[in-house]
Amino acid sequence: MKNRPTVLITGATKGIGRALVDRFAPAASDLHVVARNVQDLRMLKEELSALDCTVHVHPCDLSDPSAVKQLIVDLQKEISHLDVLINNAGVYLPGLLLTESADNLNYMMQLNVLSQYDLVRGLHALMPRGAHLIHMASVASRKRFDGKPSYSITKHAQGIMIDAFRHELRPLGIRVTSVMPGPTWSHSWEGVEFPENRLLAAEHVANAVWHAWELPPEAVMEELVIRPFDGDIE
Ligand SMILES: NC(=O)c1ccc[n+]([C@@H]2O[C@H](COP(=O)([O-])OP(=O)(O)OC[C@H]3O[C@@H](n4cnc5c(N)ncnc54)[C@H](OP(=O)(O)O)[C@@H]3O)[C@@H](O)[C@H]2O)c1
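Reference entry: report on the structure contained in this document. No experiment lies behind these values; they were computed from the predicted model shown.

Helical geometry: 3.6 residues make up each α-helical turn, so side chains three or four residues apart lie on a common side. Taking 1.5 Å of rise per residue, 22 residues should cover 32 Å, and helix α4 (residues 102-123) covers 30 Å from first to last C-alpha, within 8% of that figure. Along its length, α4 reaches its greatest deviation from straightness, about 40°, at Gln110.

Below you can see the structure in the form of structure tokens.
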């Protein structure tokens, strides 16, 4: 059994991030959680209060580059070592390239890609050999879906960034995993009517990530693709 890790999860209050919190918090010594809504973060800390895990909340809008910069400065002061960094926060904004607001792509590039770029660059020096960097990518990292090309552009860009981080972090002994879930029940699917089995549960994704983390340091699950059994929703 590994020592109790220090874990950082972005987008920790809802959806897949919340399920990751439930999976990792019982095993963690310290858990750092990031999201925008302070009330949700406080509630999350309260819900975890019975666990033997110190929860640190970091309200931050990761779509704002200056807020990301400040977050990194704060974390560098607060954390002595970081065993698991889970870049989960991300957003899907629908639209078509020719008609959507150009802000769509800019916003998603900042949140889905550039904030993660900054966090890894700013925090990797705190990560010891055997530490684990995990990015929440998507099945849209590999193919285009109708109605969400800009999201797919950001997830493709994130994919090559993850691969390059893997290459650069390998000599430092840091494992890198790209998680590519298919449609997963979360806040972003609210109001859309599907049979229950057409969406993964966030817990399925969190369990798969947990198994990747559980591997010994000499092995790495580099990519993890997980879909509902009946496939993607086109
Ligand atoms: N759900 C799916 O079908 C699916 C499939 C494949 C991949 N993914 C990927 O999985 C990740 C999580 O998706 P999800 O559907 O679980 O998300 P979600 O349910 O919408 O939750 C998003 C989380 O991120 C936080 N967040 C959103 N915008 C933020 C910002 N600007 N700054 C900081 N935190 C922010 C939210 O809290 P606040 O609102 O308080 O900030 C919340 O905790 C994303 O990267 C997504 O692309 C999702």
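Examined bridge by bridge, strand β2 (residues 30-35) and strand β3 (residues 54-59) share 6 bridges and lie parallel to one another. Residue pairing in the sheet places Leu31 in a bridge with Val55 of β3. Regarding topology, helix α2 (residues 38-47) serves as the crossover connection from β2 to the parallel β3, and that connection is right-handed.

A few words now on the site of the ligand. In the neighbourhood of the ligand, 29 residues make up the surrounding shell, with Gly11, Gly15, Arg36, Gly90 and Ser186 lying closest. Counting residues per element, the shell around the ligand draws most heavily on helix α1 (residues 15-24), at 3 residues. Each residue belonging to the shell around the ligand can be placed in one class, and the counts come to 12 nonpolar, 13 polar and 4 charged.

Taken together, the 7 strands give an open sheet; going across it, the order is β3-β2-β1-β4-β5-β6-β7, and neighbouring strands pair in parallel fashion. Two strands bound the open sheet, and with one partner strand each, they are β3 and β7 (223-226). Going from strand to strand, the sheet's axes swing by 15° on average, the running direction of each strand aside. As paired elements, strand β6 (residues 175-181) and β7 share 4 bridges and run parallel to each other. Within β7, the residue paired with Ser178 across the bridge is Glu223. Running at roughly 155° to β7, helix α6 (residues 202-214) makes contact with β4 (84-87), β5 (132-136), β6 and β7 of the sheet.

Conventions we followed
Residues numbered from 1 in each chain as written. Predicted model: local features only at pLDDT ≥ 70, side-chain atom pairs only at ≥ 80, totals over all residues. Helix = DSSP H or I, 4+ residues; strand = E, 2+ residues; numbered from the N terminus. Expected span 1.5 Å × (residues − 1). Bend = angle between axes of the 7 residues up to and from the residue. Pairing = 2+ DSSP bridges. Right-handed = clockwise from strand over helix to strand, strands pointing away. Near = placed C-beta within 6 Å. Nonpolar A, V, L, I, M, F, W, Y, C, P; charged D, E, K, R; others polar. Axes fitted to C-alpha atoms, helices over the stretch in contact; angles between N-to-C directions. Contact = placed C-beta atoms within 7 Å.

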